[in-house]
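An overview of the molecular structure
These are the residues of each chain, in order.
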Amino acid sequence: MKMPRFFSSTACDMAIDLGTVNTVIHARDRGIVLNEPSVIAIETIRGIRKVKVVGNEAKLMMGKTPANIQAIRPLRDGVIADIDVAEQMIKHFVEKAQDGGRFGRRYDVVICVPTGSTMVERRALRDAASNAGAARVQLIEEPMAAAIGAGLPVTEPRGAMVVDIGGGTTEVAVLSLNGIAYSNSARVGGDKLDDAIASHIRRVHNLMIGEATAERVKCAIGCATPPDGEGERIIVKGRDLVNGRPAEMTISEAEICDALSEPVGQIVMAVMTALEQTAPELSSDIIDEGITLTGGGALLRRLDEALSEATGLPVRIADTPLMCVAMGAGKALEDRAYEGVLTMS
């Protein structure tokens, strides 16, 4: 008797890209089924904590909650900072991905992990998924998943370089024959870009802005190389640190580019370090293949130009950079050609 596809006991049911900023879930045979912010709102009533909302609704609450509600991001720099809260968040996301858990069984899962994560951090991810209901947890390193999702020839004896810029970390890796020939990880990503913008506006203009405003500025006028002249402009609202009143001011694209120069420089340095450490034969392949950018940070305007200018190599942005890691992990669990990239630790 043929079993329904979601009751298969021999393969994983879903792949989870548990990111610092967003969580993306890829389900077997269904593709991407969930893409929501990695935020959970916890409400405390008479000393008892319970989950209020998760994902999109929780993100809207950040910085605007009353005393009895906390909007929490349980991941920092790509790893779990609060395991109990992370378990609750994973459980709710999986229930959403499974249409409320209607399949009635413990699921198998693949989770993406940063290459620089320690055994303790990996165990925390595994335990969080297990406690949230997963029957079996396998891991895949984020650069490998990103490369598979971007369509790079990772199974062939040919070098390919991928730069995955997430919310908490930037992963740089050279891949060949279903393995990682070289990798390094820098604790710089979308969060550091937001922090750099907020710090610059506070230091230069005495205006304090929140995380959501800094992210909005980054998405609207953030760039890696200076524009012609002042570039575009945007109105920013926050609290004046001199008189304590709400205030607003206009910020230019050129100013934000200057604010982002340090974290962008760290990303460029991580790529340059990887190129210096790559074997000569793989380097010759990278000249032909170029560098592929994935992750939300790849959407920073003109970042590909900045990397191309620094390295002298062609740089391309993947077709769906935000989904690459989850799509690659999903492809790895569905296609036996990538079986060797999944590990239990």
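Residues numbered from 1 in each chain as written. Predicted model: local features only at pLDDT ≥ 70, side-chain atom pairs only at ≥ 80, totals over all residues. Heavy atoms only, no water.

What counts is decided by this rule: UniProt positions are given in the numbering used here, feature names are shortened, and annotations may be inferred rather than shown by experiment.
Under an unreviewed UniProt entry, the name given to the protein chain is Cell shape-determining protein MreB, and the source organism is Sphingobium yanoikuyae ATCC 51230. Check the Function (unreviewed entry) section of the UniProt entry for the protein chain; it says "Forms membrane-associated dynamic filaments that are essential for cell shape determination. Acts by regulating cell wall synthesis and cell elongation, and thus cell shape. A feedback loop between cell geometry and MreB localization may maintain elongated cell shape by targeting cell wall growth to regions of negative cell wall curvature." In its Sequence similarities (unreviewed entry) section, the UniProt record describing the protein chain reads: "Belongs to the FtsA/MreB family."

**Looking at the domain arrangement of the protein chain**
We apply this condition: Throughout the structure description, domain borders are defined by an automatic or database domain assignment. For this analysis, residues touch if any pair of their heavy atoms sits within 4.5 Å. Note: buried area is the sum, over both parts, of the accessible area (probe 1.4 Å) each one loses when the two are combined. We define a salt bridge as a side-chain nitrogen of Lys or Arg found within 4 Å of a carboxyl oxygen belonging to Asp or Glu. Under this definition, polar contacts are N or O atom pairs within 3.5 Å; protein pairs additionally need one hydrogen-donor-capable and one acceptor-capable atom, and for neighbouring residues in sequence, both atoms have to be side-chain atoms. Helix and strand definitions follow DSSP, with helices as H or I runs of at least four residues and strands as E runs of at least two, each counted in order from the N terminus. Amino acids outside the nonpolar list (Ala, Val, Leu, Ile, Met, Phe, Trp, Tyr, Cys, Pro) and the charged list (Asp, Glu, Lys, Arg) are all regarded as polar, and Gly is one of them.
Once the domains are mapped, the protein chain shows domain 1 (13-36 + 75-143 + 322-341), domain 2 (38-71), domain 3 (157-186 + 263-321) and domain 4 (188-258). Relative to domain 3, the C-alpha centre of domain 1 lies at a distance of 24 Å. Facing 18 residues of domain 1, the contacting portion of domain 3 comprises 19 residues. Per-residue buried area on domain 1 facing domain 3 is highest for P143, L322 and C324; these three make up 42% of the total on that side. Counting across the domain 1 and domain 3 interface gives 0 salt bridges. Inspection of the domain 1/domain 3 interface yields 6 residue pairs in polar contact (both at pLDDT 80 or more). Listed by contribution, the elements that provide at least two residues to the side of domain 1 that touches domain 3 are helix 4 (142-149) and helix 11 (324-334). Broken down by element, the residue count for the side of domain 1 that touches domain 3 peaks at 3 residues, all from helix 11. Of the residues that constitute the side of domain 1 that touches domain 3, the class distribution is 11 nonpolar, 4 polar and 3 charged.

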